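Observations on the model geometry
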Amino acid sequence: MTAPTPGGPRVLLLGGTGEARRLACALTEDAGCDVLYSLAGRVRDPRVPPSCRVRVGGFGGPDGLAALLRAERIDTLIDATHPFAARMSASAATAAAATGHPLLVLRRPGWRERPGDHWQRVPSPPAAVDLVERFIPDRRGAGTVAGGDPPRVFLTTGRGDLALFARLDRPWFLIRCVEPPDPALPPRRAILLDRGPFDVDAERDLLRRHRIDAVVTKDSGGSMTAAKLTAARELGLPVIMIDRPPVPAGVDVVNSVEAALRWLAGCTDAG
Ligand code: NAP
């Protein structure tokens, strides 16, 4: 563990992603920052950067966050949360505007459709539920007859959105999440507790073994969980892709750890 340079810039880093951990390490070990790394506390055994202070739990909305920014004498706020952590991002933008703190959002790029993919983009998790409700599997050439069989769906939207699917009693779901889900779940399902990175061979095998007809996922981006998309392409399976919520207006956004480090260097020079 490298001790932060005394007097280095004080950064509050909103984490919960691989990029946040990488940025935290680079900021403390190479850029001499004093980083307070913040987690929501959703995961029992979170991966935390070894070289910075860690705090866990919500701030109590924008006012609580603004109070912490002042109390900790933070210089810069960096939001490196998951692309779907919309409430936290909105709260960070509101708090930074209120206190005058510089704010940077680090968002990894979303996934892009490739030749051979059969994606249907939807704007929100409820729209994905509607689409799954109407979904009729196309099993030509798969050795089974569609004949009104319920669809078999691989659901990887994360624990927070599963309750929305609970009203769907016809499809069978293979639900994969990191932590055990809350009880509001679709009635016909199997739960798979697992955390990436996943590889293509294992994902292809999983989709085949469970005779999956369609994949439902959020456009999280990144390489840790992208293998399911390659496997779905190889097997000719449709993917229902939930679009990201927008980043708050007027906020600086970068899409890589390296760009975040450049932004912070510019910020520090300007200061
Ligand atoms: P969210 O809906 O935007 O956040 C809900 C509330 O949780 C926030 O208003 C805030 O509480 C608290 N919170 C969220 N992130 C926090 C952080 N880094 N530090 C302190 N408090 C935080 O977000 P979410 O979807 O629940 O995600 C929670 C965390 O899990 C995020 O940090 C995110 O990076 C990570 N994560 C999310 C997903 C996903 O699919 N959403 C996937 C992987 C990892 P207060 O209002 O009380 O401040």
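A few points on the structure. Computed from a predicted structure; not experimentally measured. (Residues numbered from 1 in each chain as written. Predicted model: local features only at pLDDT ≥ 70, side-chain atom pairs only at ≥ 80, totals over all residues. Heavy atoms only, no water.)

Regarding the overall build of the protein chain
Test applied: Numbering of helices and strands runs from the N terminus, with a helix taken as a DSSP run of H or I at least four residues long and a strand as a DSSP run of E at least two residues long. Each residue gets one of three labels from its accessible area relative to the maximum for its type: buried under 20%, exposed over 50%, partly exposed in between, using a 1.4 Å probe on protein chains only. Values of accessible area rely on a 1.4 Å probe in the Shrake-Rupley scheme; residue burial ignores everything except the protein chains shown. Only four residue types enter the charge count, namely Lys and Arg as positive and Asp and Glu as negative; His and the chain termini do not. For the purpose of locating charges, the reference atoms are NZ of Lys, CZ of Arg, CG of Asp and CD of Glu.
If you tally the helices and strands in the protein chain, you get seven helices and 12 strands. Its C-alpha atoms give the protein chain principal-axis dimensions of roughly 70 × 35 × 35 Å. For the protein chain, the residues scored as buried account for 47% of the 271 residues in total. Of the roughly 13400 Å² of accessible surface on the protein chain, a fraction of 52% belongs to carbon and sulfur atoms. Positive and negative side-chain charges of the protein chain, numbering 36 and 31 respectively, have mean locations separated by a distance of 3 Å.

Some thoughts on helix H4 (residues 125-134)
Heads up, the condition is: Here, two residues are considered to be in contact whenever any of their heavy atoms come within 4.5 Å of each other.
Residues of H4 that are buried: Pro125, Ala127, Ala128, Val129, Leu131 and Val132. Close packing links the buried residues of H4 with strand E6 (118-122), strand E7 (152-156), strand E8 (172-177), strand E10 (214-218) and strand E11 (238-242).

Concerning the pattern of salt bridges
We count it as follows: By salt bridge we mean one thing: a side-chain nitrogen of Lys or Arg within 4 Å of a carboxyl oxygen of Asp or Glu.
Under the defined criterion, the tally for this structure stands at 18 salt bridges. Residue Arg121 pairs with Asp243 through a salt bridge whose shortest N-O separation is 2.6 Å. With a gap of 122 residues between them, Arg121 in strand E6 and Asp243 in the loop between E11 and strand E12 (252-254) connect regions that are remote in the sequence. Looking at Asp243, the relative accessible area reads 26%, which means it is partly exposed.

Notes on the sheet that holds strand E5 (residues 103-106)
Inclusion rule: DSSP calls a pair of strands paired once it identifies at least 2 bridges connecting them. Every angle, taken between N-to-C directions, lies between 0 and 180 degrees, and every axis is a line fitted to C-alpha atoms, over only the stretch in contact when it is a helix.
Overall, parallel pairing links the six strands, which are arranged E3-E2-E1-E4-E5-E12 in an open sheet. Lying at the two open borders of the sheet, with one neighbouring strand each, are strand E3 (53-56) and E12. With strand direction ignored, the average angle separating the axes of adjacent strands in the sheet is 25°. Where strand E1 (residues 10-14) lies against strand E2 (residues 34-39), five bridges are found, and the strand directions are parallel. Along E2, the bridge assignment pairs Leu12 with Leu36. Sheet contacts for helix H2 (residues 61-71): E1, E2, E3 and strand E4 (76-79); angle to E1, the most-contacted strand, approximately 150°.

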